[in-house]
Number of protein chains: 2
Amino acid sequence: MEKLSKELIGASSIPIILSILSKNESYGYEIIQNVKEISNGKIEYGDGTLYPVLHKLEKKELIESYWKMGESGRKRKYYKISNKGKKQLLSEKENWTIINQIISKLWKIEPSLT
Amino acid sequence: MEKLSKELIGASSIPIILSILSKNESYGYEIIQNVKEISNGKIEYGDGTLYPVLHKLEKKELIESYWKMGESGRKRKYYKISNKGKKQLLSEKENWTIINQIISKLWKIEPSLT
DNA sequence: TTTTATACATCGAACTTCTATGTATATTTG
DNA sequence: CAAATATACATAGAAGTTCGATGTATAAAA
């Protein structure tokens, strides 16, 4: 099972995280598990990687957080997407679609590489 | 005409450049024009952005360069893709396909955002 | 009682990209 | 013919990023 390149992981992390939070409120640890599951283990954020991204998104007001004491007794910081974040997600989707078109256009007219 | 995000431009630059060079040998200035054209102006590399990328690719031996005096008298540094670069391009394509599947999966099961 | 899993946070190293700046030649315009 | 513009490459420094390492703390499992 091959891992993805850092560049792609970096470029995809914000749309992926916003996408997850647009479906359900969640917290850091759960997001890491979720992404790992969705990607079949191909994307595995380290906690030292994800938390700064969440902080950055919060600073940009794309997501909001609140502390919640779980039934378990452990406290969790839940994140939810904001309206601004929803707009951003739409914009990210458009961007992704555009770049995909550019790239697939490039690859289609390419001579065989075999 | 909307410009693409820096993250996406960064993540796509290597596959795009390798893709272009897999079709024709080219030089920095021409690559910039070419990408601008292919993307309908959505991707516009600055020269200060592209040249370091080319140097990096050359250092990794994914491309090779040679100087050529054009008919015009101006000298150009032509780049061509290496065998290693062709393999890399295949790998980049796979990565791109994988991340696309992950993302589109995420977006498909998402509730309406309208 | 020790280890593992859960849960969040931050620091510093390493790496990248981008803007600005510099050099130089050919062509076009006034 | 002089000035401006387009062509062509290069690098330094600022700013931003990711990631591994490290630290704290609690709950559950062994």
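Calculation notes
- Residues numbered from 1 in each chain as written.
- Chains lettered and ligands numbered in written order.
- Predicted model: local features only at pLDDT ≥ 70, side-chain atom pairs only at ≥ 80, totals over all residues.
- Heavy atoms only, no water.
- Helix = DSSP H or I, 4+ residues; strand = E, 2+ residues; numbered from the N terminus.
- Contact = heavy atoms within 4.5 Å.
- Polar contact = N/O pair within 3.5 Å; in protein donor to acceptor, adjacent residues only side chain to side chain.
- Near = heavy atom within 4 Å.
- Pairing = 2+ DSSP bridges.
- Buried < 20%, exposed > 50% of the residue type's maximum accessible area, 1.4 Å probe, protein only.
- Expected span 1.5 Å × (residues − 1).
- Bend = angle between axes of the 7 residues up to and from the residue.
- Buried area = accessible area lost by both parts, 1.4 Å probe.
- Salt bridge = Lys/Arg side-chain N within 4 Å of Asp/Glu carboxyl O.
- Nonpolar A, V, L, I, M, F, W, Y, C, P; charged D, E, K, R; others polar.

So, the environment of E58 of chain B
Residues and elements named next belong to chain B.
Working step 1: With respect to the secondary-structure elements, E58 resides in helix α3 (residues 47-59).
Working step 2: Between the C-alpha atom of E58 and that of I17, which follows or precedes it by 41 residues, the distance is 12 Å.
Working step 3: Excluding anything up to four places from it in sequence, E58 contacts I63, E64, S65, K77 and Y79.
Working step 4: Side chain to side chain, E58 and S65 meet in a polar contact 2.5 Å long.

Observations regarding the protein's contact with DNA strand D
Working step 1: Taken together, 20 residues lie around DNA strand D, and T49 of chain A together with Y29, D47, R76 and K77 of chain B are the ones closest in.
Working step 2: Sugar plus phosphate: this is where 72% of the atoms of DNA strand D within 4 Å of the protein reside.
Working step 3: Residue G28 of chain B places a main-chain N or O atom 3.2 Å away from a phosphate oxygen belonging to DNA strand D.
Working step 4: Every element with two or more residues in the surface near DNA strand D is listed here: α3 (47-59) of chain A together with α2 (28-38), α3 and β3 (75-81) of chain B.

Description of the sheet that holds strand β1 (residues 26-27) of chain A
Residues and elements named next belong to chain A.
Working step 1: The strand order across the open sheet formed by three strands is β1-β3-β2, and the pairing between neighbours is antiparallel. The sheet is open, and its two edges are formed by β1 and β2 (63-69), each paired on a single side.
Working step 2: Where β1 meets strand β3 (residues 75-81), two bridges bridge the pair, whose relative direction is antiparallel. For S26, the partnering residue across the bridge sits in β3 and is Y79.

A word on the sheet that holds β3 of chain B
Working step 1: Reading across the sheet, the three strands line up as β1-β3-β2 (chain B) and stay open at both edges, with antiparallel pairing between neighbours. The open sheet has two edge strands with one neighbour each: β1 (26-27) and β2 (63-69) of chain B.

As for unusual backbone geometry
Residue and element names in this part refer to chain B.
Working step 1: Of note in this structure, N40 is not a glycine but carries a positive phi near 55°.
Working step 2: Relative to the helices and strands, N40 resides in the loop between α2 and α3.
Working step 3: Judged by relative accessible area, N40 falls into the partly exposed class, the value being 48%.
Working step 4: At E61, a residue that is not glycine, the phi angle is positive and equals roughly 65°.
Working step 5: As for its position among the elements, E61 is in the loop between α3 and β2.

Details of helix α1 (residues 6-23) of chain B
All names here are of chain B.
Working step 1: Between its first and last C-alpha, α1 extends 25 Å over 18 residues, near the 26 Å set by a 1.5 Å rise per residue.
Working step 2: Along α1, the sharpest kink reaches roughly 40°, centred on S13 and followed within four residues by the proline P15.
Working step 3: Among the 18 residues that make up α1, 14 are buried, leaving the element largely enclosed by the rest of the structure.

Overview of the protein's contact with DNA strand C
Working step 1: DNA strand C sits among 19 residues. The nearest are Y29, D47, R76 and K77 of chain A together with T49 of chain B.
Working step 2: Per the 4 Å cut-off to the protein, sugar and phosphate atoms form 71% of the nearby atoms of DNA strand C.
Working step 3: The contact in question runs from a sugar or linking oxygen of DNA strand C to an N or O atom on the side chain of R74 of chain A, over 3.1 Å.
Working step 4: The separation between a phosphate oxygen of DNA strand C and a polar side-chain atom of T49 of chain B is 3.4 Å.
Working step 5: Among the elements that take part in the surface near DNA strand C, α3 of chain A stands out by supplying five residues, more than any other.

Things to note about the interface of chain B and chain A
Accessible area lost upon the coming together of the parts is a frequently used measure of interface size.
Working step 1: Taken together, the contact between chain B and chain A spans 39 residues of the former and 39 residues of the latter.
Working step 2: Surface buried jointly by chain B and chain A totals about 3800 Å² across both partners, of which 70% is contributed by carbon and sulfur atoms.
Working step 3: Seen at the junction of chain B and chain A, the total is zero salt bridges.
Working step 4: Taken together, the connections running from chain B to chain A amount to eight residue pairs in polar contact (both at pLDDT 80 or more).
Working step 5: Elements represented by at least two residues in the side of chain B that touches chain A include exactly α1 and α4 (83-108) of chain B.
Working step 6: At 17 residues, α4 of chain B tops the list of elements feeding residues into the side of chain B that touches chain A.
Working step 7: Residue classes in the side of chain B that touches chain A are distributed as 20 nonpolar, eight polar and 11 charged.

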